[in-house]
Amino acid sequence: MFSSMKENERILVIDQSLAKLLELIKKKKVKISISLTGNTIEIIKRIRPKIFDQLKKMIKSGNIELIGSGYSQIIQPLVPNDVNEMNTKLGIEAYRKYFQKIPKTACCNEGVYSFSGAKILEKYKYKNLLIEWNNFYQNNKKFNKSNFFYPSKLPGSRMNLIWYDTILFQALQRLVKNEIDEKTYFKIVKSFNQKGFLCLYASDGEIF
């Protein structure tokens with residue numbers, strides 16, 4: 001459901017992005033996390049059932065961790081609370097129906113955090129929320145920078161906030177598109193000097 005993508009381009013994106021990502025996971029024996037909306041799952045199942053079956057198998061085996069995103073990729077603060085709640089509920093129903101699994105982690109759609117939206121995710125038993133660090137920190141300078149490398153909690157919330165950095169994931173995009181070389185990319189990665197965990201990429205897969 002990439003906003004600038006035509007409907008007739010969906011098969012190409014599934015074949016060139018998702019299928020190759022699944023192939024990479026299988027070949028290199030790595031584990032990654034993928035965020036999928038319920039609507040996206042239904043589209044993949046309808047137009048590329050074999051790839052859907054591979055995806056389902058890898059989620060079941062644990063090679064892929066499923067990240068929740070609702071039924072549609074809605075920016076939470078822009079819609080009423082009851083719409084957010086219904087979107088979350090329908091998303092979980094889709095995950096249970098197609099993968100017999102309920103994710104423990106949700107992503108913050110478009111990186112936009114909403115406290116009320118987080119409370120809805122808590123209500124539906126999500127434990128963790130993947131969220132963009134840069135804008136959050138810009139507006140919360142008293143927040144300790146070292147928190148970036150570890151799950152954090154905000155007052156009044158039980159959810160773990162798991163951070164990603166916009167500059168870091170954009171660097172990976174630029175590496176893949178040959179706009180920077182590997183030496184430059186790893187220099188950027190090392191500049192974070194992480195002591196905990198580091199999320200290398202948390203953006204759209206279909207742009208590749």
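Quick look at the structure, then. (Residues numbered from 1 in each chain as written. Predicted model: local features only at pLDDT ≥ 70, side-chain atom pairs only at ≥ 80, totals over all residues. Heavy atoms only, no water.)

### Re the pairing of strand β5 (residues 160-164)
What counts here: Whether a residue is buried, partly exposed or exposed follows from its accessible area with a 1.4 Å probe, protein chains only, as a fraction of its type maximum: under 20%, in between, or over 50%, in that order. Helix and strand definitions here come from DSSP, where helices need a minimum of 4 consecutive H or I residues and strands a minimum of 2 consecutive E residues; each element is numbered from the N-terminal end. The rule for pairing is simple: two strands pair if DSSP sees at least two bridges between them. Consider the strands pointing away from the viewer: the crossover is right-handed when the path from the first strand over the helix to the second runs clockwise.
With respect to burial, β5 is a largely interior element, four of its five residues being buried. With five bridges connecting them, strand β4 (residues 128-132) and β5 associate as parallel partners. By the bridge assignment, Glu132 is partnered in β5 with Tyr164. For the crossover that starts at β4, traverses helix α6 (residues 133-138) and ends in the parallel β5, the hand is right-handed.

### Topic: the sheet that holds strand β2 (residues 64-68)
As a reminder of what qualifies: Geometry is summarised by axes, namely lines fitted to C-alpha atoms with helices restricted to the contacting stretch, and by angles between N-to-C directions that run from 0 to 180 degrees. Whether two residues are in contact is decided by their heavy atoms, any of which lying within 4.5 Å being enough.
Ordered in space as β1-β2-β3-β4-β5, the five strands form an open sheet in which the pairing is parallel. Looking at which strands have only one partner, the edges of the open sheet turn out to be β1 (32-35) and β5. Geometrically, the sheet is characterised by an average inter-axis angle of 40° between neighbouring strands, direction not taken into account. Relative to β4, strand β3 (residues 105-107) runs parallel, the two sharing three bridges. Bridge assignment links Ala106 to a residue of β4, and that residue is Leu129. Most of the contacts of helix α1 (residues 10-28) go to β1, to which it runs at about 160°, and overall it touches β1 and β2.

### Some remarks on the packing of α1 against helix α2 (residues 38-47)
Rule in force here: Roughly parallel refers to an angle under 35 degrees, roughly antiparallel to one over 145, roughly perpendicular to one between 65 and 115, and oblique to any angle outside these ranges. Residues are grouped as follows: Ala, Val, Leu, Ile, Met, Phe, Trp, Tyr, Cys and Pro are nonpolar; Asp, Glu, Lys and Arg are charged; every other residue, Gly included, is polar.
Interhelical geometry of α1 versus α2 gives an angle of 95° and a closest axis separation of 11 Å. Put simply, α1 runs roughly perpendicular to α2. Between α1 and α2, the residues in contact are Arg10, Ile11, Ile14 and Leu18 and Ile43, Ile44, Arg46 and Ile47, respectively. In terms of residue class, the contact of α1 with α2 is made up of six nonpolar, no polar and two charged.

### Remarks on unusual backbone geometry
Despite not being glycine, Gln100 has its phi angle at roughly 50°, a positive value. When you line up the elements, Gln100 lands in the loop between α4 (81-99) and β3. Take Gln100: its relative accessible area is 52%, and that puts it in the exposed class. One non-glycine residue, Lys125, lies in the positive phi region at around 75°. Relative to the helices and strands, Lys125 is located in the loop between α5 (115-123) and β4.

### Quick notes on the pattern of salt bridges
Note on pairing: side chains with opposite charge can pair once their charged atoms come close. The condition that has to hold: For salt bridges, the criterion is a side-chain nitrogen of Lys or Arg within 4 Å of an Asp or Glu carboxyl oxygen.
The full count for this structure, using the stated rule, is six salt bridges. One salt bridge in this structure joins Glu85 and Lys123, with 2.4 Å as the shortest N-O distance. With a gap of 38 residues between them, Glu85 in helix α4 and Lys123 in helix α5 connect regions that are remote in the sequence. A residue is classified by how much of its surface remains accessible, and Lys123, at 51% relative accessible area, is exposed. A salt bridge links Glu122 to Lys119, with the shortest nitrogen-to-oxygen separation between them at 3.5 Å. Of this pair, Glu122 and Lys119 both sit in helix α5, three residues apart, which is roughly one turn of the helix. Three or more residues joined by partner-sharing salt bridges are found here, namely Lys119, Glu122 and Arg158.

### A few points about helix α3 (residues 49-61)
For the record, the criterion: A helix is expected to span 1.5 Å for every residue after the first. Read the arc as the range of directions from the helix axis to the C-beta atoms.
An ideal rise of 1.5 Å per residue puts 18 Å on 13 residues; α3 measures up with 18 Å between its terminal C-alpha atoms. For α3, the set of buried residues is Ile51, Phe52, Leu55, Met58 and Ile59. Taken around the axis of α3, the buried residues stretch over an arc of 130°, which confines them to a single face. In α3, those exposed residues whose orientation departs by more than 90 degrees from the buried face are Lys50, Lys57 and Lys60. Trailing α3 by a residue or two, Gly62 shows a phi angle of about 95°, which is positive.

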